[in-house]
Amino acid sequence: MEWEVNIVQALECLILYKKWGEKVKIKVYLQDWFLNAGIVGFLKILEKAKDEFASKKENYIEFDTEDLKKFDQYYFSYFFNIYNIAEKMANKLDKSFKVIKNNLENETEDKKEQKICKDKIAQEKKYIKQSIKIQLDKIKKIDETVYNNILEEYNKIDKIEDIEELNTVFETIKQNMYEEHINKKLTLNLFKSILSKTYFGQASFLNVVKTGLSYEEQQKVFYKDYISNIVEMGYIHDILENKYTIDEVQAEIREKLEGSLITKEMQSIYNNLLKKYIEKGKNIEDIKSYMIEKVQSNCVMCGDTELLTSTYSEGNFVPLAVSSDNMKNFFWNQNVKMPICDVCKLILFCIPAGMSSISKTYREVELGNPVYKEKEVYSFINYDTNIQQLYNINFMLSANSKQDKSMENPYQKVIVDIVEQEKKLTEWKLNNIFVIEFDAEYLAYSRMEYFNIKEYVAKFFTKYSKQLLSVITDYKYKLQIVDYILKNKDINYLINDKIRETIVNGYENGFNSFLAIQTRNTLNKLKKGDRKMEKEEIEKSNKKLYALYSMGVAIHEELKYKKELNKLEGYTYKMLNSIKAGNKNEFMDIVIRLNIAMGKDVSPIFLEVMQDGELDFGSIGHSFLAGLVSNKYEKKEGGKENE
């Protein structure tokens, strides 16, 4: 396609004038979640830079094109501060120094404790040595003049007299890391890797061919690719508004063409203006007429007619795009052209700042043993509200996700805060709290999950989670439960697996499973129950579950007293299998045989709950089994014993 066609499409500035008004203002409205995430990220970058030039309206942000001239600096500075290698390494060294120092200073004569201290020192030294070596290898590629004998001296440190030497070694490393040219390059490479892998592939300065450029040079590449067209768009609007004479326009355009901060597309536009209009003596009205007569280009994101557009592809957002030019067969009539304007393109490039990194726990079985693993996913909460509230809720999510993992799930706090702030929250509005999680890798995969917050789930977190979920001591188990609840999955599966895991681990803590059972029962009552009788029904049914749990604990203690705990495993697995299969008769047959072996009758409470239908079979069976695999004096929250 000839540049002339692009020029005409792009320079439909009369329509842009209607959109912006006299001050060349840009408005970006709330739309789909990914554009909203970009808006939140854009605002976070401005806030970090202490230059909040974008005004927040009810459903859009507004700013001048001229205000973007420093945004490339703000963007790089934002991610530099988040991923600052020198600061992260300094914090890591400080923590390791304390661990090593404390263990070296331990003057105990107990041989076991001495060995423990030596093992801790060795483990910490190995860990920090690996971290140091990784960074030194990277530094060497940037600057070979750095101090390279650090590791040799570090290896010699193994007694209290060496503690000052250790401090000297660590300080030397910090100084090398804090060298501006080293830290800038290392940190830039880190956040480029993250942005490329998860969000934008090889777009702009993220392309590997740009790696040899300096920090400042790559920042200019970003300005040219994502900001310059928007700024020039404002200038062209001024031309059409007769703010400059033809001579001034000619001088300004020539100066811009001699520079290096405008795109090829914009260079072509300015060359055409010079050769076809200005140098031929035509006036501003001729330029206006020329623009109006030609075809306009509409952005598929915002729907507005824009100055310049490019084709939407994976370079704009990897999780929700493909390499269009390489996958033409997937498009109708092989038409891959999905025009996206430069404003939307810039906002999408701010998505990483709008997302929160969440640590997710999932369970796998390796060699027959359950293993918990963690992975990082990126999350955004799309809330049907105004700009400020959307910003606040995601800022809160980001802050919560950075707290200690033993704290509550970050979503839990956000939900509670929303519900408590809006006492008259309607069910419709609550269901419009929309959570997105994704995990993507450029050229490999893209996994995305969406879920809404149900009204009964919000009620559970505000009224009941404190006395149930918060008491669970196994934070990985707790995070799994919360994840299932938010995604409207039945946690019965988790409970069954956890009881099996408790058996394998020697009956360490069945009370966590019992709390999960009460959590499930409470959720079911909230989902189905009569609101007027809700609280009474929940308390009544949870008391019945506790009675079943206590029966199981009593039998466990009696078997332990008679030194017959070896029988417990067989009974437990059979009952777990019968619960999974929904076989009540088999389950009760085992319960009866177990009680007969103890010389007891089956409790009337057990028979009652099995018959009255108030509790489901899974809750009944798992409550009894949670007690059956529990020690009477196992520790609960705050050190209190389960008696």
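Residues numbered from 1 in each chain as written. Predicted model: local features only at pLDDT ≥ 70, side-chain atom pairs only at ≥ 80, totals over all residues. Heavy atoms only, no water.

### Observations concerning the packing of helix α11 (residues 228-240) against helix α12 (residues 246-258)
Note the cut-off: Helix axes are fitted to C-alpha atoms over the stretch in contact, other axes to C-alpha atoms as well, and angles between N-to-C directions run from 0 to 180 degrees. To qualify as a helix, a DSSP run of H or I must reach at least 4 residues; to qualify as a strand, a run of E must reach at least 2; elements of each kind are numbered from the N terminus. Note on terminology: angles under 35 degrees are roughly parallel, angles over 145 are roughly antiparallel, angles of 65 to 115 are roughly perpendicular, and the others are oblique. Handedness of a crossing is defined here by the sense of rotation of the near helix relative to the far one, left-handed for an anticlockwise turn of less than a right angle and right-handed for a clockwise turn. Only heavy atoms enter the contact rule, under which two residues are in contact if any of them lie within 4.5 Å.
Their axes nearest at 12 Å, the elements α11 and α12 cross at an angle of 165 degrees. One element, α11, and the other, α12, form an angle in the roughly antiparallel class. Like other packed secondary-structure pairs, α11 and α12 cross with a definite hand, here left-handed. Residue-level contacts link E232, Y235 and I239 of α11 to E248, V249, E252, I253 and K256 of α12.

### Details of the pattern of salt bridges
The following threshold applies: Put simply, a salt bridge is a Lys or Arg side-chain nitrogen that is within 4 Å of an Asp or Glu carboxyl oxygen. Relative accessible area decides the class of each residue, using a 1.4 Å probe on protein chains only: under 20% of the type maximum gives buried, over 50% gives exposed, and in between gives partly exposed.
Counted under the stated rule, the structure contains 27 salt bridges. Between E171 and K174 there is a salt bridge whose closest N-O contact spans 3.3 Å. Placement of both E171 and K174 in helix α8 (residues 163-177) is noted, with a separation of 3 residues, approximately one turn of the helix. Between K256 and E232 there is a salt bridge, and its shortest N-O distance comes to 2.9 Å. Linking K256 in helix α12 with E232 in helix α11, this pair joins segments that are 24 residues apart in sequence. For the pair formed by K256 and E232, the shared burial category is buried. Connected through salt bridges with shared partners, the residues E437, E449, D483 and K487 form a single ionic network.

### Structural notes on the sheet that holds strand β2 (residues 55-56)
Heads up, the condition is: Being paired, for any two strands, means DSSP has found at least two bridges between them.
Judged by pairing direction, the sheet is antiparallel, and its 3 strands sit side by side in the order β1-β3-β2 without closing on themselves. Of all the strands in the sheet, just β1 (25-29) and β2 have a single pairing partner and so form its edges. Pairing of β1 with strand β3 (residues 60-64), which is carried by 5 bridges, proceeds in the antiparallel orientation. In the strand pairing of β3, K25 is matched with D64. Strand contacts of helix α3 (residues 33-49): β1, β2 and β3, with the helix running at about 50 degrees to β3, the strand carrying the most contacts.

### Quick notes on the packing of helix α23 (residues 511-528) against helix α28 (residues 617-628)
Formally: Residue polarity is assigned by list, with Asp, Glu, Lys and Arg as charged and Ala, Val, Leu, Ile, Met, Phe, Trp, Tyr, Cys and Pro as nonpolar; anything else, Gly included, falls into the polar class.
Close contact between α23 and α28 brings their axes to 9 Å; oriented N to C, the two are set at 160 degrees. Considering the angle they form, α23 stands roughly antiparallel to α28. Both α23 and α28 take part in a crossing whose hand is left-handed. On the side of α23, the interface is formed by S513, F514, I517 and R520, while α28 contributes S619, H622, S623 and A626. Taken together, the residues of the contact of α23 with α28 break down into 3 nonpolar, 4 polar and 1 charged.

### What to know about a positive patch on the surface
To be explicit about the condition: To count toward a patch, a residue needs a relative accessible area above 30% and no salt bridge. Like charges then connect within 9 Å, nonpolar side chains (Val, Leu, Ile, Met, Phe, Trp, Tyr) within 5 Å. In this description, accessible areas are obtained by the Shrake-Rupley approach with a 1.4 Å probe, and a residue is regarded as covered only by the protein chains that are shown. This count recognises Lys and Arg as positive and Asp and Glu as negative, with His and chain-terminal groups excluded. Think of each charge as sitting on NZ of Lys, CZ of Arg, CG of Asp or CD of Glu.
Together, K48, K50, K88 and K402 line one region of the surface with positive charge. Tracing the backbone shows K48 in helix α3. With a relative accessible area of 51%, K48 lands in the exposed category.

### What to know about the confidence of the model for the protein chain
So the rule is basically this: The predictor attaches a confidence to each residue, and that confidence, scored 0 to 100, is pLDDT.
Predicted confidence across the protein chain gives a mean pLDDT of 81, with 83% of residues reaching 70 or more. Contacts from residues 1-22, a stretch scored under 50 in pLDDT, to residues over four places away or in other chains number 54 contacts.

### A closer look at the packing of aromatic side chains
Between two aromatic rings, the relevant description is the distance of the centres plus the angle of the planes. This is how it is decided: Planes of paired rings set the category: under 30 degrees apart is stacked, over 60 is edge-to-face and the rest tilted, where pairs are Phe, Tyr or Trp rings (Trp by its six-membered ring) whose centres lie within 6.5 Å.
Within this structure, the stated rule accounts for 46 aromatic pairs. Relative to F191, the ring of F79 lies with its centre 5.9 Å away and its plane at 35 degrees, an arrangement referred to as tilted. Taken together, the residues span a long stretch of sequence, with F79 in helix α4 (residues 71-83) and F191 in helix α9 (residues 180-200) at a distance of 112 residues. For the pair shown, F79 and F191 are each scored as buried. Plain terms: the ring middles of F511 and F514 are 6.0 Å apart, the flat faces sit at 40 degrees to each other, and that makes the pair tilted. Here the residue F511 and the residue F514 both occupy positions in helix α23, the gap between them amounting to 3 residues, near one helical turn.

### A short note on the nonpolar core
Basically, it comes down to this: Residues grouped as a nonpolar core are buried Ala, Val, Leu, Ile, Met, Phe, Trp, Tyr and Cys residues, joined through side-chain atoms within 4.5 Å.
Counting 142 residues, the largest nonpolar core has F42, F71, Y75 and F606 as the members making the most contacts within it. Ranked by the residues each element gives to this core, the list is headed by α3, at 10 residues. Those residues in contact with F71 that sit more than four places away from it in its chain are F42, I45, L46, F53, F222, I227, L346 and C350. If you look at the next biggest cluster of nonpolar residues, it comprises 20 residues, including I85, I100, L166 and I173.

### Thoughts on the side chain of T385
Inspection of the secondary structure assignment puts T385 in the loop between β7 (369-383) and α17 (387-401). In this structure T385 comes out as buried when scored by relative accessible area, which is 16%.

### Things to note about unusual backbone geometry
Although it is not a glycine, K50 adopts a positive phi angle of roughly 55 degrees. Tracing the backbone through its elements, the reader meets K50 in the loop between α3 and β2. The class of K50 is exposed, set by a relative accessible area of 76%. Unlike most non-glycine residues, S204 shows phi in positive territory, near 50 degrees. S204 sits in the buried class, given a relative accessible area of 14%.

### A short note on the environment of K69
Keep this limit in mind: Throughout this description, a polar contact denotes any pair of N or O atoms lying within 3.5 Å of each other; where both atoms belong to protein, one of them has to be capable of donating a hydrogen while the other can accept it, and for residues adjacent in sequence the pair is counted only when both atoms sit in side chains.
Mapped onto the elements of the fold, K69 is located in the loop between β3 and α4. Sequence separation between K69 and S228 is 159 residues; the distance between their C-alpha atoms is 8.0 Å. Every residue in contact with K69, bar those within four places of it in the chain, is listed here: Y223 and V231. Reaching out from K69, the side chain makes a polar contact with the side chain of E66 at a distance of 2.9 Å.

### Quick notes on the pairing of strand β8 (residues 433-441)
Burial analysis of β8 places 7 of its 9 residues in the buried class, which makes it a mostly covered element. Bridge count for β8 against strand β9 (residues 445-452) is 8 bridges, and the pairing is antiparallel. When the bridges of β9 are listed, A440 appears paired with S446. Counting the residues that bridge the hairpin from β8 to β9 gives 3 residues, and of these L443 lies at a positive phi of roughly 65 degrees.

### Side note on helix α10 (residues 215-226)
Here is the rule: One fewer than the residue count of a helix, multiplied by 1.5 Å, yields its expected span.
For α10, with 12 residues, the first-to-last C-alpha span of 17 Å sits near the 16 Å given by 1.5 Å per residue. Taken together, the buried positions of α10 are occupied by Y215, Q218, Q219, V221, F222, Y223 and Y226. Tucked into the core, α10 has its buried residues touching α4, α9, α11 and α15 (342-348).

### Concerning helix α21 (residues 475-486)
Between its first and last C-alpha, α21 extends 16 Å over 12 residues, near the 16 Å set by a 1.5 Å rise per residue. Taken across its 12 residues, α21 has 10 buried, putting it largely inside the fold. Those residues of α21 not exposed but buried are Y477, K478, L479, Q480, I481, V482, D483, Y484, I485 and L486. Measuring from the backbone nitrogen of K476 back to the side-chain oxygen at the start of α21 gives 3.2 Å, which picks out D474 as the cap. Following α21 by one or two positions, N488 adopts a phi angle in the positive range, close to 60 degrees.

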